[in-house]
Amino acid sequence: MARKNQPNPKPRNVKLANSTNETKKIASLADDRVDAANQSLRTNQGLRVGDDQNSLRAGSRGPGLLEDFILREKITHFDHERIPERVVHARGAAAHGYFQVYKPMAKYTKAHFLQNPAARTPVFARFSTVAGSRGSADTVRDARGFAVKFFTEEGNYDLVGNNIPVFFIQDAIKFPDFVHAVKPEPHNEMPQAASAHDTFWDFVSLVPETTHMVMWVMSDRGIPRSVRMMEGFGVNTFRLVNAKGVSHFVKFHWKPLLGKHSLVWDEAQKIGGKDPDFNRRDLWEAIDSGAYPEFELGVQLVAEGDERKFDFDILDATKLIPEELVPVQLIGKMVLNRNPDNFFAETEQVAFHPGHVVPGIDFSNDPLLQGRLFSYTDTQLTRLGGPNFHEIPINRAICPFANNQRDGMHRHIINPGRTSYEPNSLEAGWPKETHPEDGGFASYPEPMSGQKIRTRSETFGDHFSQATLFWNSQSQPEKEHIVSAFQFELAKVETPAIRVRMLGNLANVHRDLATAVAFALGLPAPATTENKKNATAKAGGKASAALSLLSSNPVTIATRKVAMLAADGVDVALVQKTKKALQAEGAEAKILAPHLGSLTGEANKALPVDFTIVTMPSVVFDAVFVAGGRRSIATLAASGDAIEFLRDAYKHGKAIACAADGAELLKAAGVDPSAPGVVIAGKTPATAFERDFISAIAQHRHWTRIAKNPPMVP
Ligand code: HDE
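Fair warning: this is a prediction, and the values are worked out from it, not measured in the lab.

Draft legend 1. Representation of unusual backbone geometry within the structure. The residue after Glu422, namely Pro423, is reached through a cis peptide bond having omega 5°. For Pro423, the location among the structural elements is in the loop between α9 (367–383) and α10 (465–472). In this structure, the amide linkage connecting Trp430 to the following residue, Pro431, adopts the cis form with an omega of -5°. Unlike most non-glycine residues, Asn38 shows phi in positive territory, near 60°. Within the element layout of this structure, Asn38 appears in the loop between α1 (21–30) and α2 (69–79). Among the residues examined, Asn38 registers a relative accessible area of 83% and is labelled exposed.

Draft legend 2. Main features of the sheet that holds strand β16 (residues 623–626). What the six strands build is an open sheet, ordered β15-β12-β11-β16-β17-β18; its pairing is parallel. Sheet topology places β15 (611–612) and β18 (678–680) at the edges, where each strand pairs with a single neighbour. In this sheet, β16 lies alongside strand β11 (residues 561–565) in parallel orientation, the contact comprising four bridges. Paired with Ala563 across the strands is Val624, a residue of β16.

Draft legend 3. Structural detail: the coordination of the iron atom of the ligand. Exactly one donor from the protein chain reaches the iron atom of the ligand: Tyr376 (OH), at 1.9 Å. Its place among the elements puts Tyr376 in helix α9.

Draft legend 4. Representation of the pairing of strand β12 (residues 588–593). In terms of strand pairing, β11 meets β12 through five bridges, oriented parallel. In the strand pairing of β12, Lys561 is matched with Glu588. For the segment spanning β11, helix α15 (residues 572–584) and β12, crossover handedness is right-handed. Bridge count between β12 and β15: two bridges; the pairing is parallel. Bridging from a neighbouring strand, Leu592 pairs with Phe611 of β15.

Draft legend 5. Expanded view of the site of the ligand. Taken together, 21 residues lie around the ligand, and Arg86, Arg126, Ser375, Tyr376 and Gln380 are the ones closest in. In the model, a nitrogen atom of the ligand is placed 2.8 Å from a nitrogen or oxygen of the Tyr376 side chain. Those elements that place two or more of their residues in the shell around the ligand are β3 (144–152), β4 (155–162) and α9. In terms of residue count, the dominant contributor to the shell around the ligand is α9 (six residues). In the shell around the ligand, the residues fall into 10 nonpolar, eight polar and three charged.

Draft legend 6. Geometry of the pairing of β3. Burial runs high along β3: nine of the nine residues are buried. Across the two faces of β3 the burial is the same, with Arg144, Phe146, Val148, Phe150 and Thr152 and Gly145, Ala147, Lys149 and Phe151 all buried. Looking at chain direction, strand β2 (residues 121–129) and β3 are connected through seven bridges and run antiparallel. Each bridged residue has a counterpart across the sheet, and for Thr129 the counterpart in β3 is Arg144. The pairing of β3 with β4 spans eight bridges and is antiparallel. Across the sheet, Ala147 pairs through a bridge with Val160, a residue of β4. The loop that links β3 with its antiparallel partner β4 comprises two residues.

Draft legend 7. Inspection of the packing of aromatic side chains at higher detail. Applying the stated criterion across every chain, the model contains 29 aromatic pairs. Judged by centre distance (6.1 Å) and plane angle (55°), the rings of Phe178 and Phe203 are tilted. Of the two residues, Phe178 sits in helix α3 (residues 175–182) while Phe203 sits in helix α4 (residues 198–206), which places them 25 residues apart along the sequence. Neither Phe178 nor Phe203 differs from the other in exposure class; each is buried. Relative to Phe645, the ring of Phe621 has its centre 6.1 Å away and its plane inclined at 45°; by these criteria the two rings are tilted. With Phe621 in the loop between β15 and β16 and Phe645 in helix α17 (residues 640–651), this residue pair connects regions lying 24 residues apart in the sequence. Since its relative accessible area comes to 3%, Phe621 is described here as buried.

Draft legend 8. Examining the environment of Lys251 more closely. Secondary-structure assignment places Lys251 in strand β7 (residues 247–256). For Lys251, a relative accessible area of 7% translates into the label buried. Between the C-alpha atom of Lys251 and that of Ser364, which follows or precedes it by 113 residues, the distance is 11 Å. At 3.1 Å, the side chain of Lys251 and the side chain of Thr237 are in polar contact.

Draft legend 9. Here's a closer look at α15. Between its terminal C-alpha atoms α15 stretches 18 Å, which fits the 18 Å expected from 13 residues at 1.5 Å a residue. Those residues of α15 lying buried are Val572, Leu574, Val575, Thr578, Ala581 and Leu582. Elements in contact with the buried residues of α15: β11, β12, β14 (606–608), β16 and α19 (686–698). Following α15 by one or two positions, Gly586 adopts a phi angle in the positive range, close to 90°.

What counts, and at which threshold
- Residues numbered from 1 in each chain as written.
- Predicted model: local features only at pLDDT ≥ 70, side-chain atom pairs only at ≥ 80, totals over all residues.
- Heavy atoms only, no water.
- Helix = DSSP H or I, 4+ residues; strand = E, 2+ residues; numbered from the N terminus.
- Buried < 20%, exposed > 50% of the residue type's maximum accessible area, 1.4 Å probe, protein only.
- Pairing = 2+ DSSP bridges.
- Donors = N, O, S within 2.8 Å, 3.2 Å for Na, K, Ca; no water.
- Right-handed = clockwise from strand over helix to strand, strands pointing away.
- Near = heavy atom within 4 Å.
- Polar contact = N/O pair within 3.5 Å; in protein donor to acceptor, adjacent residues only side chain to side chain.
- Nonpolar A, V, L, I, M, F, W, Y, C, P; charged D, E, K, R; others polar.
- Phe/Tyr/Trp six-rings, centres within 6.5 Å; stacked < 30°, edge-to-face > 60°.
- Expected span 1.5 Å × (residues − 1).
- Contact = heavy atoms within 4.5 Å.

Laid out in structure tokens, this is it:
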């Protein structure tokens, strides 16, 4: 076996000292990989197994024998395969990669991994939904976790963020209440992974500080097209501290190089049934095919002395700092280039913690963050079964490592020597502290004074201005989606008083929003009651372009998936030409047909089929190409599956291209050939057809086709 059975008490991989950190981490994980190829099947004690088919029994038809230690070992291990899932963020997918800073950040931080543009720091990033169980669907409406572990030479640094820059609550003491409210209801454990139920809306309607984040979750941010196409945010305010001890407050951002894109709600729900692993599969396949997801790391920096210059409190996690006030500086890039070898060992056992910091990164007094700093180690004790979870390969630091902690469940390290205390003289005082000037961690010495009280600062009191800012910043289609989401969720709420109370909160965000939602609920539009002054006078009266998903996206179809619908009799030449043009732009084109194998095309040309139409529905593609050929079109026009495929693509605003002789099929599917985003071959030269199709896909959605459904206001 490849495994080293004797854990090394010295720093791991010292012999790799000249290699990059990235290689070190890969090597460190490789030490723990057990490759079963060419190996005998053995028990956990190393005994070679002679028969893995039959248990030990008294005669071939007799009872089993207690003596069968091989059966007992196997079944016992199986019985204990499950560990508690994460209380929140149970459903996730992850990838390895690296981070590289663009230029030295010494002016702001002494963190080593933010200094050398030539160095690559290994990372492990996990993306998750929040409310659902481990086996829930990927495309539910929810915030997404965006957690990154940096294996730096000064120890592990975790940036444990979300895809939404603010949080529901201001104080950690409300977190269990919030989570209990959003989780399935306790009496019947329904609904799974959904906020559209009474307890969630009961809580948020009673706690107005949730309004801003609720706006984000009801927006298209709640249903990302791909984790590769969503932003990430550190949410809480942290500190960067330089070698001279000068501190800046910092908000962290991740910006995806593929732009920010979302699903539409009907599509998200259908994917939930057709491919519950949609986001997980998308991440895996992209990395597998070499289309490595990339995210730039951004920082918003606020000098220590400017802490109070905003009309909100930067310690309040329900607020963001508008990019117009403090621009985001892009300081480096993360590339995810390797899928995990084993889901459980890596993705499930990875343990993030916002308190895993390195010198040069520190905390603010944000009361949500302060509570988080307790929670994450505590939760691992239950989830990973004891205090030694840092020894699990995926959690191990790559730097030299020694301290006086000892024993506990599942201890792997074998510490030689007699001392595990400090001070000691028997081991010459080792392991010893490091002076901060030499890299030892020292907390930022923020001056403190004040009474010991349970009070929230008055500066946390405005709950609506930024919710209004968010609403104002959305494009028309995005506003329509927010309205539809509230209409959907609140119509699922069974208790009328909760709907009414929630409308009261929405009225403080914007009259149009409250009026439109009230219409669908059959309720009168509520009057604006509270905080109106704030909502108009402060940031709420303005807009911030960066808050719209549709702003500043790159024009690209890279990694987009295009379905090519075809049947026997297909015009193979046009399919191949269009496929080539799409691939040249980095998109992926797949042939979908009524049967697998090969299609017999016109002039007896063969076209290999990738998938049957029923197994790969429209909702898992970004665009559709309807191949030509008289017989092919006639077959598809008579196929309910092909018609539904096109109907969905049309309804979901996706680009549709069709060969010149495909009118019959479009008509059967109710596709208007002159609608935006529908491109018909033959009208223009072939090159223009390809170009028009590519540019229609690059627009992601053709919103006017979606906006008609449902009506936003009476
Ligand atoms: Fe978490 N959160 N959280 N959270 N959180 C956990 O830690 C908690 C919050 C976030 O992929 C838990 O290991 C408290 C904000 C992510 O493994 C737990 C509070 C943000 C992940 C926990 C918050 C997050 C977690 C559950 C309020 C965005 C998944 C399992 C004070 C910045 C990490 C675990 C992964 C996971 C506690 C609020 C992000 C219970 C008490 C705000 C991405 O410790």
